[in-house]
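Spelled out from the first residue to the last, the chains are:
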Amino acid sequence: MENINETLKRLSSNPSFRKRYEEMKQEIITHPDIRAFLDAHRGEVTRSMIEKSWMKLYEFISQEKNCSRCKSLGECVNMMKGYVPELVIEHGNIEIHYKRCQKKILEDERNKTRRLIQSMHMPKKILEASFGDFFLEQMGRLDAYDFAHRFVREYEPGKKMKGLYLYGNFGVGKSYLLGAIANELADLKQVSSLIVYVPEFFREMKDSIGDHSTGEKLDTVKQVPVLMLDDIGAETNSSWTRDEVLGPILQYRMQEDLPTFFTSNFSYEDLEYHFTYTQRGEKEELKAARILERIKYLSAPVRMEGPNQRA
């Protein structure tokens, strides 16, 4: 394959091409960005280096370097979307390096945050929650917010910390606060969280018995740095999900001092009653009490009130 410089030499015998080529070189050498580069590297850049780099210099001036003119990353006009060109001297040659623009940096940070927040069956609104949109007017909400804010501020891997047990009526923002905590942990501490909608997770665990994937799913939930169990108590209680799924998760997280959050429509006492009676009508008070002791060990209860925001 013919070298680009050889091609240019060959084409230069054509008068019309030679005229346009000379005009292009004049356009390049007088361009403000090129002048600024040459002034900054006065004494380093030789005429020979420039002659070998006309096409690179043209590539450089043909691209946008002012990100304020871009409405969004998707509308970037540059050869590499989200990257701005930069001229450098490397091994005696003029080269182009591409660096991320501010919009690309922000987008990458958002994607990094999203990757840190895993979820099982949670709506998009919860995954985009923020402390700034959490209303504090009703009773218990300020206590919940203060606890959540302090948890994010003081969190350190390996540090023994209690999560929240948020309980109250439907639609008061319990799940939303979990999402806000997860986002803050990802943004400020680069900490991975998993938000699990409990009723759907238990159904999924039952369905996965057939393909023998229960162990893998259980390990994922057990071992995540920060676990958030949403709407616990809304599931149909069975001995298997209580004793073979929830029990081992809570036991492992107790032993490893892994922070665990809960939301529920039930108080501690009501949740214990829920776990006492299985769907078969069996009454198992001791097993229910064991589950509640683990939940109490892992969390601090806060009742949240307010209007139903889903209505």
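Residues numbered from 1 in each chain as written. Predicted model: local features only at pLDDT ≥ 70, side-chain atom pairs only at ≥ 80, totals over all residues. Heavy atoms only, no water.

(A) Structural detail: the packing of aromatic side chains. Within the structure shown, the criterion is met by nine aromatic pairs. Taking 4.7 Å as the distance between ring centres and 45 degrees as the angle between the ring planes, the aromatic pair formed by tyrosine 165 and tyrosine 268 counts as tilted. Of this pair, tyrosine 165 sits in strand β4 (residues 163-167) while tyrosine 268 sits in helix α13 (residues 268-276), placing them 103 residues apart in sequence. Of the two residues examined, tyrosine 165 and tyrosine 268, each falls in the buried class. Between tyrosine 273 and tyrosine 277 the ring centres are 5.1 Å apart and the planes differ by 55 degrees, which places this aromatic pair in the tilted class. (Phe/Tyr/Trp six-rings, centres within 6.5 Å; stacked < 30°, edge-to-face > 60°. Helix = DSSP H or I, 4+ residues; strand = E, 2+ residues; numbered from the N terminus. Buried < 20%, exposed > 50% of the residue type's maximum accessible area, 1.4 Å probe, protein only.)

(B) Local environment of helix α10 (residues 198-207). Buried within α10 are the following residues: Val198, Pro199, Phe201, Phe202 and Met205. Taken down its axis, α10 places every buried residue within 165 degrees of arc, on the same side. (Arc of directions from axis to C-beta.)

(C) Layout of the environment of glutamine 279. Position of glutamine 279 relative to the elements: it lies in the loop between α13 and α14 (285-298). Of the residues examined, glutamine 279 reaches a relative accessible area of 53% and is grouped as exposed. Apart from the residues lying within four places of it in its own chain, the contact partners of glutamine 279 are Lys206, Thr236, Asn237 and Ser238. (Contact = heavy atoms within 4.5 Å.)

(D) Geometry of the nonpolar core. Core analysis: the largest hydrophobic core is formed by 30 residues, its most contacted members being Leu164, Leu166, Leu177, Ile181, Leu185, Met228 and Phe261. Among the secondary structure elements, those contributing two or more residues to this core are α8 (141-154), β4, α9 (174-189), β6 (226-230) and β8 (299-303). In terms of residue count, α9 provides more of this core than any other element does, seven residues in total. For leucine 177, the residues in contact, after removing those within four places along its chain, are Phe131, Phe134, Ala144, Tyr145, Ala148, Leu164, Leu166 and Met304. Within the second largest apolar cluster, 28 residues are counted, among which are Phe202, Val224, Val245 and Leu292. (Core = buried A, V, L, I, M, F, W, Y, C linked by side-chain atoms within 4.5 Å.)

(E) Local environment of the pairing of strand β7 (residues 260-264). With five of five residues buried, β7 is to be regarded as a mostly interior element. Relative to β7, β6 runs parallel, the two being bridged by three bridges. Considered in β7, the bridge of leucine 229 is made with phenylalanine 262. Tracing the backbone out of β6, into helix α12 (residues 239-256) and back to the parallel element β7 gives a crossover that is right-handed. (Pairing = 2+ DSSP bridges. Right-handed = clockwise from strand over helix to strand, strands pointing away.)

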